[in-house]
Each structure stands twice: as structure tokens, then as C-alpha cells.
Amino acid sequence: MPTFTAPDGTTLAYHVVGEGEPLLCLAGGPMRASAYLGDLGGLARHRRLYLLDPRGTGDSAVPADPATYRCDRQVGDVEALRAHLGLDRVDLLAHSAAGDLALLHAAAHPHRVRTLTLVTARARALGVDFTLEHRREAAALRRAEPWFEKAYEAFERIWAGSVADADWDAVAPFFYGRWDATARAHAAAEVGQTNEEAGDLYASAGAFQPVEARAAVAPSAGRVLLLAGELDGGPLPRVAAGVAELIPGAHLVVQPGAGHFPWLDDPRFFTETVVAFLGQQR
């Protein structure tokens, strides 16, 4: 298992899967170990994936200062991995909450980012957040599912303040386009892969300065793909379209029938979309 040293001295681990040109992959959660990304639906057959375990997760060490779990303070981790790998410019893929980290890295180091692939990604770094109404709108799309009634009751209890494990387990199907055996196994692994303390600090006060980030990301020379799931509430496709408008030249693709983990819902569509984007003339 390869490791490198972050700017604050924390030892961070990453996993290498596949062959081809490097693709640096940032896990979401927030603060979930990269194991849940797997081979990204077979993307590893086309690119060599460098899967970073965020500090305090997976095989990475726990930092001495918990304040470094804050998203903006992890930008140095991404840049240290780039330097460790000896790459002048990187293709960067980020999922979910890691979208914020990838955007902040691109804002801080625009000339180090060749392409940015944001998969069902957050954009609080740019001042865009997902609301309860967004989640309800996406949930309503699943009314015909056999699990919907119980899942929606749990959904409302959670937004009313429930922290019961049973309620969180019940809403898991909303995150997947198909609630099959693969999705169930993937969801069951979440708790063991996530550092909840770190996740609580990830978006804490001061993490995001949207005005500054928008100004820094806008002139970036890197190309940007936003891939949204048709059934996902975080972000809804129309919200992802709004994020794309904040990044000149960004390209939006909505994957049909996909939830929050599109590489599981339709690996072929996901892989072909990302490979085509990465293979465009630079």
C-alpha cells in the first residue's frame, strides 16, 4: 500500500487500480474511505486510478489536529499527492462531497488541473447547496418502488431530527438507481468506511468562500465534466446544470436511471461517458 506525507506530516494512503494514464480519484461521504469507489464501474480498464483515502479514513493516518478535516484544509493533501506522483498536471475525478474539495483544489492550483470530472458532486465551494425540497423532489420520483412507503416515512423522520440507525438504513434505496444485491452490499459497507467525526467537521464554518472560489475557478484552463444522476437529489440534474453555468465551458451529462452512485447503476454508460470526456482533444 503506497503512502505519502501531507503538508502537516500526516501519513496518507492511496490505492492503485488499473492501467493507463493516471486519474486521481477523491472519495466523498464526506470522509469515506476510497474502497467504496471500487474500480468505478470498470473505468480502471481505461485509466490507472489513484484512489486517495482521506485523512483519518481507510489506510490513512488520523491527523494530530482534527481541525484539518475541514474541506479547505485538505486541499494540500491533494496537491501533495500530485507532487508525490510526479505529475505536472492531473486529471481529477471527485464524487459527492469531494466535489467541494476538487473545486477548491482547482481554484488554488488551476494550472495543475487538466480535467475535472465531478460525479454527482456537491458545489458548496461555489455557493450551491442541496435543500430538503430538492431531496423530496427526487424522492417523489421513486413512488412506484416497492420500498418507497417505508423509506419515505424514514426520510421524513430523519429530516425531523431522527438519528436512528434503522431510519438511515431505510432511506438507503433512494441513493441507488436499482435497489439490488449490489446496491445493498454497497450501502451496508458505508458505516464501516466512514469517519463520522471527520465528516461533521468537513463543511464546518470557514470551509468555503464562494465568491473567491468562483472567481478563481472561472479562468481555469482545465476542462470540466459534471455527471448527474437522473434520480439523484444531491444534486438534482437541474441543480447540476446551475453549477455548470458557474464554470465556463463545463459540460453536463445526466445519466438515465442513475442515483448517487452512477457507476453501479449503469457501469457501461458511466465508463463510456467519462472515457469519452477524458479522451477529448486537449
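Residues numbered from 1 in each chain as written. Predicted model: local features only at pLDDT ≥ 70, side-chain atom pairs only at ≥ 80, totals over all residues. Heavy atoms only, no water.

1. Re the nonpolar core
We count it as follows: The definition of a nonpolar core used throughout is a set of buried Ala, Val, Leu, Ile, Met, Phe, Trp, Tyr and Cys residues joined through side-chain atoms within 4.5 Å. The buried label goes to any residue with under 20% of its type's maximum accessible area, the exposed label to any with over 50%, and the partly exposed label to all in between, with areas taken from a 1.4 Å probe on protein chains only. Secondary structure elements follow DSSP: runs of H or I no shorter than four residues count as helices, runs of E no shorter than two count as strands, and numbering proceeds from the N terminus.
Residues Leu26, Leu92, Leu103, Leu116 and Leu118 are the most contacted members of the largest nonpolar core, which totals 50 residues. Ranked by the residues each element gives to this core, the list is headed by helix α2 (residues 98-108), at 7 residues. Counting residues in each nonpolar core, the second largest holds 26 residues, with Tyr36, Tyr176, Leu227 and Phe261 among its members.

2. A look at the pattern of salt bridges
Definition in use: When a carboxyl oxygen of Asp or Glu is within 4 Å of a side-chain nitrogen of Lys or Arg, the pair counts as a salt bridge.
Across all of its chains, the model carries 18 salt bridges by this definition. A salt bridge links Arg114 to Asp91, with the shortest nitrogen-to-oxygen separation between them at 3.1 Å. Placement of Arg114 in strand β6 (residues 113-119) and of Asp91 in strand β5 (residues 90-95) is noted, with a sequence separation of 23 residues between them. Classification of Arg114 by relative accessible area gives partly exposed; the value is 22%. A relative accessible area of 1% means that Asp91 is categorised as buried.

3. Quick word on the side chain of Ser34
Inclusion rule: Contacts are assigned to residue pairs that have any heavy atoms within 4.5 Å of one another.
As for its placement among the helices and strands, Ser34 is situated in the loop between β3 (22-26) and β4 (48-52). With relative accessibility at 1%, the residue Ser34 sits in the buried group. The residues touching Ser34, leaving out its near neighbours within four places in the chain, are His15, Ala27, Leu51, Leu52 and Asp53.

4. A word on the pairing of β6
If a strand is regular, its side chains alternate between the two faces of the sheet. Filter applied, for reference: Pairing between two strands is assigned when DSSP locates at least 2 bridges connecting them.
Along β6, 6 of the 7 residues are buried, which leaves the element largely enclosed by surrounding structure. In this structure, β6 lies alongside strand β7 (residues 223-229), joined through 5 bridges in parallel fashion. If you follow Thr115 over to β7, its bridge partner there is Arg223.

5. So, a negative patch on the surface
Where we set the bar: Here, patches come from residues exposed beyond 30% relative accessible area and free of salt bridges, joined within 9 Å for like charges and within 5 Å for nonpolar side chains (Val, Leu, Ile, Met, Phe, Trp, Tyr). With residues, only the protein chains shown are counted as cover, and all accessible areas are computed by Shrake-Rupley using a 1.4 Å probe. Note that His is not counted, nor are the chain ends; the positive residues are Lys and Arg, and the negative ones are Asp and Glu. One atom stands in for each charge, and that atom is NZ of Lys, CZ of Arg, CG of Asp or CD of Glu.
On the surface, Asp165, Asp169, Glu190, Glu196, Glu197 and Asp200 cluster together into a negatively charged patch. Looking at the negative patch, the elements with two or more residues in it are α5 (165-170) and α8 (196-202). At 3 residues, the largest contribution of residues to the negative patch is made by α8. With respect to the secondary-structure elements, Glu190 resides in helix α7 (residues 190-193).

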